[in-house]
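Structural characterization, general
Residues per chain are reported as follows:
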Amino acid sequence: IFAAVEMAPRDPILGLNEAFAADTRAEKVNLGVGVYYDDNGKIPLLAAVRAAEKARLEAMPPRGYQPIEGPAAYNNAVQGLLFGKDSQLATSGQTVTIEALGGTGALKVGADYLKRLVPGATVYISDPSWENHRALFESAGFPVENYPYYDAASRGVNFAAMKAKLDSLQPGSVIVLHACCHNPTGADLSDAQWDEVVAVCRERGLIPFLDMAYQGFAEGIDADAVAVRALSSSGLQFFVSSSFSKSFSLYGERVGALSIVTASKEEAGRVLSQVKRVIRTNYSNPPIHGGAIVAAVLSSPELRQMWEDELGGMRERIRAMRTGLVDQLKAEGVAQDFSFVIKQRGMFSYTGLTAAQVETLKADFGIYAVSTGRICLAALNSKNIGYVAKAIAQVVKG
Ligand code: LMR
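Model, not experiment: these values are computed from the prediction. (Residues numbered from 1 in each chain as written. Predicted model: local features only at pLDDT ≥ 70, side-chain atom pairs only at ≥ 80, totals over all residues.)

Focus: the pairing of strand S10 (residues 255–261)
Summarising burial for S10: seven of the seven residues are buried, a large majority. The alternating pattern of S10 places Val 255, Ala 257, Ser 259 and Val 261 on one face and Gly 256, Leu 258 and Ile 260 on the opposite face, and all of these are buried. The sheet contact formed by strand S2 (residues 95–101) and S10 spans seven bridges and is antiparallel. Note that in S10 the partner of Val 96 across the bridge is Ile 260. Where strand S9 (residues 238–243) and S10 come together, six bridges link them in antiparallel fashion. Directly across from Ser 241, in S10, lies its bridge partner Leu 258. (Buried ≥ 20, exposed ≤ 12 C-beta atoms within 10 Å, placed from the backbone. Helix = DSSP H or I, 4+ residues; strand = E, 2+ residues; numbered from the N terminus. Pairing = 2+ DSSP bridges.)

Shown next, in the form of structure tokens:
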């Protein structure tokens, strides 16, 4: 039965991990996947997470099934982060939140539910977008198209083109928006532009689906929630996928959430009942550990403060790596102005490196990046930044 099965291509991001692991060069650097490493090149176990895990281990809790939607303590904590503590959307009961298997799992549950809700819709993603967005919504059965986003010349957002496209969409279209730290470009909308996007969504009757995988990596928890808060105060209904992979350094625990803002508590009850069917026929109910740790940290004022401090530390270290890379490229004699790297937000830089240059970085230096030229600044550290800058300098100088 498998005789005619074709080999599928490697995943453009996670496939790099496989190739990187197989590379035997000691100096290799993985700038591919969006993962934060500390200055020693290690994925940190946050002190707040460590404390919560220690307490949980000592309590030796039973391992029964969770509710299909995940535990209320976790889901409430997610709502607090997204919408603000004691916000109307968090307290009114009109918002459904379910624990999901990371941000990807949240997007998938949301996509599968949307396919039942608006089966004839088209999904629009930014050009460019996270490599997995298109495949994920297509696998849920939607046609997926782009809306203009990145402007290579200005290294920013071509907002006029984006808005013109949104203005032309059919009512009921699903529009996937990166809430902050746009992946892959690092170019975000301004607060005023978010207000305009919300206004277009209202006028055109679009269904916004915010993807929020990097809350806390641009400015801070509340500042990075500007898109969520703009939609919250609009009275519109919308979807948000969120993730603790990066902000809690819990990648492999697969801790995320899907939130759906409905018009009323009664509506939320019906929507939840449908989303539960999607989950039950997929993975039944979420695993316990990661969500329990996140909920414990967020519900303890002391651990929450510790976490916010650690998150701030990660944010600052990435910023330092941005400045450091720009300085070192200059020192290596690169004439091209790379100062845009400092302005980009989040983990990534859309460097403008071509696929051929990325290939040379891998072949000649063991430096892995996404073929689109996206690099993860959070994988740079004080030991490898000089090597990476030299290699990039050599590649761009030809
Ligand atoms: C990334 O874009 O590298 C991350 O979001 C990890 C992933 O799942 O692709």
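Still more ground to cover, so stick around.
Some details on the UniProt feature "domain: Aminotransferase class I/classII large" (unreviewed entry) in the chain
Mapped onto this structure's residue numbering, the UniProt feature "domain: Aminotransferase class I/classII large" (unreviewed entry) falls at residues 27–392. Regarding residues 27–392, the helix share stands at 45% and the strand share at 15%, and the terminal C-alpha atoms are separated by 14 Å. (UniProt positions renumbered as here; feature names shortened; annotations may be inferred.)

A short note on the sheet that holds strand S8 (residues 207–212)
Ordered by their spatial adjacency, seven strands build an open sheet running S2-S10-S9-S8-S7-S3-S4, and the pairing between neighbours is mixed. Among the strands making up the open sheet, the edge pair consists of S2 and strand S4 (144–148). Taken over all neighbouring pairs, the strand axes of this sheet differ in orientation by 25 degrees on average, direction set aside. Pairing of strand S3 (residues 123–127) with S4 involves five bridges; the strand directions are parallel. Considered in S4, the bridge of Ile 125 is made with Asn 146. In the packing of helix H3 (residues 72–83) onto the sheet, contacts are made with S2, S9 and S10, and the angle to S2 comes to roughly 110 degrees. (Axes fitted to C-alpha atoms, helices over the stretch in contact; angles between N-to-C directions. Contact = placed C-beta atoms within 7 Å.)

Observations regarding the domain arrangement of the chain
Interface size, as often reported, equals the accessible area lost upon joining of the parts. The assigned domain composition of the chain is domain 1 (14–44 + 315–397) and domain 2 (65–299). Each of domain 1 and domain 2 was reduced to a C-alpha centroid, and the two centroids are 28 Å apart. Counting residues at the interface gives 17 residues for domain 1 and 17 residues for domain 2. With three residues, the top contributor of residues to the side of domain 1 that touches domain 2 is strand S11 (residues 348–350). (Domains from an automatic or database assignment.)

Some points on the site of the ligand
With respect to spatial proximity, the complete set of residues near the ligand consists of Ile 13, Val 33, Gly 34, Thr 104, Trp 130, Asn 132, Asn 183 and Ala 213. Across the shell around the ligand, the residue classes break down as four nonpolar, four polar and no charged. (Near = placed C-beta within 6 Å. Nonpolar A, V, L, I, M, F, W, Y, C, P; charged D, E, K, R; others polar.)

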